[in-house]
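The primary structure of each chain is shown beneath.
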Amino acid sequence: MTTSNTGTGDVDLAVREELGRLRDSIDNIDAAVVHMLAERFKATQQVGRLKAVHQLPPADPAREARQIARLRALAENAKLDPAFAEKFLNFIIAEVIRHHESIAEDTVNNRETDGH
């Protein structure tokens, strides 16, 4: 077991190995989260372009509310703090809306310069 809390030098080899194994797992999960977010943002960029072309608003408060309620329920079922899940989704939604506004602005500017 441990003889000191000041560093890993005094930690039993089995504990260090378990810590390393757990950290490797965390690193793999973090990588998966980043890749999943990248895929999500690819899809939301397509949504943003579709909205811009059809002059739909960048935000959809009704859908956002449904998504938040859905994610809170998923979080509860997964034993994750639903308030944390909601904050996380709100952060993502804000970024998506920012992207959609930028895409809409670019689309409007292109229409004006193309004469459409």
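Residues numbered from 1 in each chain as written. Predicted model: local features only at pLDDT ≥ 70, side-chain atom pairs only at ≥ 80, totals over all residues. Heavy atoms only, no water.

Here we come to the overall build of the protein chain. Assigned secondary structure in the protein chain consists of three helices and zero strands. At 22 Å, the protein chain has a C-alpha radius of gyration far larger than the 13 Å of a compact globule built from 116 residues. Oriented by its inertia axes, the alpha-carbon framework of the protein chain measures out at about 75 × 30 × 20 Å. Nonlocal contacts in the protein chain, meaning residues at least 24 apart in sequence, comprise 56% of its contacts between residues at least 6 apart. (Helix = DSSP H or I, 4+ residues; strand = E, 2+ residues; numbered from the N terminus. Rg over C-alpha atoms; globule rule 2.2 N^0.38 Å. Contact = heavy atoms within 4.5 Å.)

Let us look at helix H1 (residues 13–53). Over its 41 residues, H1 extends 60 Å from the first C-alpha to the last, a length consistent with the 60 Å expected when each residue adds 1.5 Å. Among all positions in H1, only Phe41, Thr44, Gly48, Lys51 and Ala52 are buried. Residues of H1 that are buried make contact with helix H3 (82–114). The N-cap of H1, judged by a side-chain oxygen 2.8 Å from the amide nitrogen of Ala14 a few residues on, is Asp12. (Expected span 1.5 Å × (residues − 1). Buried < 20%, exposed > 50% of the residue type's maximum accessible area, 1.4 Å probe, protein only. Polar contact = N/O pair within 3.5 Å; in protein donor to acceptor, adjacent residues only side chain to side chain.)

Of note in this structure, Gln55 is not a glycine but carries a positive phi near 55°. Relative to the elements of secondary structure, Gln55 occurs in the loop between H1 and helix H2 (61–77). A positive phi is found at Lys79, a non-glycine position, where the angle reads about 65°. Looking at the secondary structure, you find Lys79 in the loop between H2 and H3.

Our next topic: the side chain of Thr107. In this fold, Thr107 is placed in helix H3. Looking at Thr107, the relative accessible area reads 17%, which means it is buried. Other than its neighbours up to four places away in sequence, Thr107 contacts Ala52 and Val53.

A word on a nonpolar patch on the surface. On the surface, Leu80, Phe84 and Phe88 cluster together into a nonpolar patch covering about 270 Å² of accessible area. Tracing the sequence through the fold places Phe84 in helix H3. Looking at Phe84, the relative accessible area reads 45%, which means it is partly exposed. (Patch = residues over 30% accessible without salt bridge, like charges linked within 9 Å, V, L, I, M, F, W, Y side chains within 5 Å. Areas by Shrake-Rupley, 256 points an atom, 1.4 Å probe, with all protein chains shown as cover. Salt bridge = Lys/Arg side-chain N within 4 Å of Asp/Glu carboxyl O.)

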